[in-house]
Structures are given as structure tokens and as C-alpha cells.
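# Descriptive structure summary
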Amino acid sequence: MHILVTGAAGFIGADLCDRLLSLGHRVAGLDNFNDYYEVSLKRDRVLNIRKNRNVGLFTMHETDICDSAEMTRLFSAHS
């Protein structure tokens, strides 16, 4: 299955991405890396996701879900 995870760099989103990858799912992560809290924590979480044995199934997209042009491109690329 190919799954889109919004907020992929957040606490819950990063854990979800890691678990889905471990189960062999393809995962497209999406996060805008806003500064609601420390951005470096979010970047570190993405680095940890990239340590998953199935990292080849993972793509990370740094964009805002409100950017309709980028969302259209993302859905076209990962239908």
C-alpha cells in the first residue's frame, strides 16, 4: 500500500512513518517544518526515519498542505 502521512516530522507522524515502513508499505511523508516547536527536532526525526531498513520505500516532501499546486504535483507523482 502507498500511504501519505501528513505531519510526518512530528512526534506521532514520524513514529507512524517508521512503523508503516517496517511493515513494508510505501510512505510519502509531508511536513511544512513550521516553527511551532523546535524545527531541529523535526529534522532529527526524519533522519531517524531514514535509518529504517525499508528507507527505499520512503519519500519526504517539505511543503505546506495548503499549497494546491504542490499537492496536485505530489498526488500525480504518487498516485
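Our subject is the structure listed above.
Below is a summary of the structure that appears in this document. None of these values were measured; they are calculated from a predicted model.

Attention now moves to the packing of aromatic side chains. Summed over all chains, the structure comprises 1 aromatic pair. Between Tyr-36 and Tyr-37, the aromatic rings sit 6.4 Å apart at their centres with planes inclined by 75°, giving edge-to-face as the arrangement. The class of Tyr-36 is exposed, set by a relative accessible area of 73%. Above the plane of the ring of Tyr-37 lies Lys-42, whose end atom (NZ or CZ) is 4.8 Å from the centre. Cation over ring: Arg-43 sits above Phe-33, and NZ or CZ is 4.2 Å from the ring centre.

Turning next to the sheet that holds strand 1 (residues 2–6). An order of 1-2-3 is seen for the 3 strands of this open sheet, with the pairing classed as parallel. Two strands close off the open sheet at either side, each with one partner strand: strand 1 and strand 3 (58–62). Strand-to-strand twist of the sheet, defined as the mean angle between neighbouring strand axes without regard to direction, takes the value 15°. Strand direction decides the pairing type here: strand 1 and strand 2 (residues 26–31), joined by 5 bridges, are parallel. Bridge pairing in strand 2 links Ile-3 to Val-27. Contacts from helix 1 (residues 11–22) reach strand 1, strand 2 and strand 3 within the one sheet, and its direction differs from that of strand 1 by about 165°.

How each quantity is defined
Residues numbered from 1 in each chain as written. Predicted model: local features only at pLDDT ≥ 70, side-chain atom pairs only at ≥ 80, totals over all residues. Heavy atoms only, no water. Phe/Tyr/Trp six-rings, centres within 6.5 Å; stacked < 30°, edge-to-face > 60°. Buried < 20%, exposed > 50% of the residue type's maximum accessible area, 1.4 Å probe, protein only. Lys NZ or Arg CZ within 6 Å of the ring centre and 35° of its normal. Pairing = 2+ DSSP bridges. Helix = DSSP H or I, 4+ residues; strand = E, 2+ residues; numbered from the N terminus. Axes fitted to C-alpha atoms, helices over the stretch in contact; angles between N-to-C directions. Contact = heavy atoms within 4.5 Å.

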